Structures are given as C-alpha cells and as structure tokens.
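Understanding the architecture of this molecule
The residues making up each chain are set out below.
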Number of protein chains: 2
Amino acid sequence: MKPRHIHHTEDCRAVSAILQRIGDKWTVLVVSKLGNGPMRFNELRHIIGGISQKMLTTTLRGLERDGFVTRTMFPTIPPRVDYDLTELGHELLVPVNALGEWAKQNTNRVNEARAKFDAACPERAKVRKAA
Amino acid sequence: MKPRHIHHTEDCRAVSAILQRIGDKWTVLVVSKLGNGPMRFNELRHIIGGISQKMLTTTLRGLERDGFVTRTMFPTIPPRVDYDLTELGHELLVPVNALGEWAKQNTNRVNEARAKFDAACPERAKVRKAA
DNA sequence: CAGCATCCTCCAGGATACTG
DNA sequence: CAGTATCCTGGAGGATGCTG
C-alpha cells in the first residue's frame, strides 16, 4: 500500500504553528544573535539594529516564556540583565539555520522568478503592495 | 583563530526574510498540501479548511510569483485551474519539513515551559494578549 | 541600564457580494 | 469553478516619554 495523499494534517498545522511563532519580524534574529553567547539588553539592541526597545522586550519575553532563552537579572545599579539561549533554544537553531542555509542558496532563484513574473504580467503582480 | 562572535549578519537577515515570507498564516499549509501532487483551487480550499477564498488566491499568487508553484489554466467551461509545486517548491519543502519535524517533537517542551512561566509569574505573562 | 505605558499607523486577513 | 472587488477589524510593530 502506497497512499499518494497522506493527510498528516496535524503535522502541517504543527509546521504552520511554529513558523508563525518564529516567523515574526525579530524572533529568529534575536535567537541567532544569542547563538553566539549571552548578551545584555542594549547589547542585543545595538547589534541587531533597527529594532525598537518595545519589540525587543516583547520578543525576549516571548522567547523566555516558551523556554528558548533565560533572563538573568543582576540587582546592581545600574541594573544589568543577561539573556542567553537555553538548550531548547540551541536545538531550535539547528533546523532554523538549515532553513537559513537553504534561503541563502536559493534567494537568487526566487528573485529571478519574481522578476520574471513581474515582467511577464505586471497586472497580476499588483498582488504585492500595488505598484 | 576562533572567533566567538561571528557576525554573519546577512545570514541572519536571510533567515529572517525567508521566515517572514513563508511564516504567514497559510503559505506552508498550501505548499505542504501541494506536496502530495497538483490540486485545483477549491480542492485546496476544502482540504485546508478555514482559509478564505481571498487568502487562498493571495497565497497562491505569491507562491507563483516566487516560483514555488505553477498555475495551469484549462479554458473549459466551467474553468479548471491546477496548481502544482515546482522543483523549487519541492526543495523548499525539505528544510520546512525538517523544521516541522522539530516542531512536532518539541511542542510539549514549549507548552510545558509556557505553562510554567505563566504559573510562575502571571503578571509578566500578560505579554500574551492580556488574560 | 533596562525596561513599562501610551498613542498611532499600517496591513494581514476575514466577510460579503458580484462575474466570466 | 475560480476568481475579482470592497469593506472592515485586530493586532503587529514603531515613536515617544517616564522610571527604579
């Protein structure tokens, strides 16, 4: 028996769920940076560049909640807070980096397809934020 | 020489970019379904379930534009349109499925961390859509 | 330094109605 | 059947100002 249409619907939903979780604007960027070792709040902020303080807070809080990073407070003055990847965070980085590798190697193909499509039918290309 | 802080910033951005591209609500779901073979518009619509006709159109158009799927029109009456994964689309599925596999195997850990976090400090958990 | 609180904008995405 | 055209809402995310 060799079913052509296996309906692992749950699986698909799982992929979808994780992708939506980490597919926001900053999550993977933060996780990637933390992959190099623990970092302080503003250190992250500046190395990432372009992220608002609010979103960095939100992103880190979410990652902490999901068990991907730890938050260590030093009750000094001024305060110091270190963020670091957990084991789970490091593990997440593996498949994420694999996808990133794929992305790097295929960006050209995508861009070419995109240019071709836009050139072929400018009409239907308006899908993307109307010229 | 063993640099601890390698700044493959471009790489991170690439990961981020692809994740935002496919990290929307429906893209991977559609690609996954098409992984089983070509499908018609409404066939996809029903097998996915819950997707609005507008979003299916938008999602498919985007995937077509980026070279992940092909769109084949049969000028019959009523019209028939087949969507199918391109080679690029199939290749994308590989790392995506790997991530999906990771997701399936670690959802529990994430949920546990989440529950623990919420139980520990309900205050800070309000990050998620305020109780 | 590392946040929290507030306000505001933009757009992903749903609902509905119409068409070749 | 496979769309297109509109309208509308929620929430992601930026900007700014204040605090322990």
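Residues numbered from 1 in each chain as written. Chains lettered and ligands numbered in written order. Predicted model: local features only at pLDDT ≥ 70, side-chain atom pairs only at ≥ 80, totals over all residues. Heavy atoms only, no water.

1. Some details on the protein's contact with DNA strand C
Taken together, 22 residues form the shell around DNA strand C, and within it Q53, R71 and Y83 of chain A together with K25 and K54 of chain B come nearest. Within 4 Å of the protein, the contacting atoms of DNA strand C are drawn from sugar and phosphate to the extent of 63%. Within the side chain of Y83 of chain A, a nitrogen or oxygen atom sits 2.6 Å from a phosphate oxygen of DNA strand C. Note that a phosphate oxygen of DNA strand C is positioned 2.8 Å from one of the side-chain N or O atoms of K25 of chain B. Looking at the surface near DNA strand C, the elements that each hand over two or more residues are helix 3 (41-48), helix 4 (53-65) and strand 3 (80-85) of chain A together with helix 4 (53-65) of chain B. In terms of residue count, the dominant contributor to the surface near DNA strand C is helix 4 of chain A (four residues). Here the residues of the surface near DNA strand C are counted per class, giving eight nonpolar, five polar and nine charged. (Near = heavy atom within 4 Å. Polar contact = N/O pair within 3.5 Å; in protein donor to acceptor, adjacent residues only side chain to side chain. Helix = DSSP H or I, 4+ residues; strand = E, 2+ residues; numbered from the N terminus. Nonpolar A, V, L, I, M, F, W, Y, C, P; charged D, E, K, R; others polar.)

2. Overview of the packing of helix 5 (residues 87-120) of chain A against helix 5 (residues 87-120) of chain B
The geometry of helix 5 of chain A relative to helix 5 of chain B is characterised by a closest axis approach of 10 Å and an angle of 165° between their N-to-C directions. The angle between the axes of helix 5 of chain A and helix 5 of chain B places the two elements in the roughly antiparallel class. Where helix 5 of chain A crosses over helix 5 of chain B, the handedness of that crossing is left-handed. Where helix 5 of chain A approaches helix 5 of chain B, its residues L88, E91, L92, P95, V96, A98, L99, W102, N106, R109 and V110 of chain A are matched on the opposing element by L88, E91, L92, P95, V96, A98, L99, W102, N106, R109 and V110 of chain B. Classifying every residue of the contact of helix 5 of chain A with helix 5 of chain B gives 16 nonpolar, two polar and four charged. (Axes fitted to C-alpha atoms, helices over the stretch in contact; angles between N-to-C directions. Parallel < 35°, antiparallel > 145°, perpendicular 65-115°, else oblique. Left-handed = near helix turned anticlockwise from the far one by under 90°. Contact = heavy atoms within 4.5 Å.)

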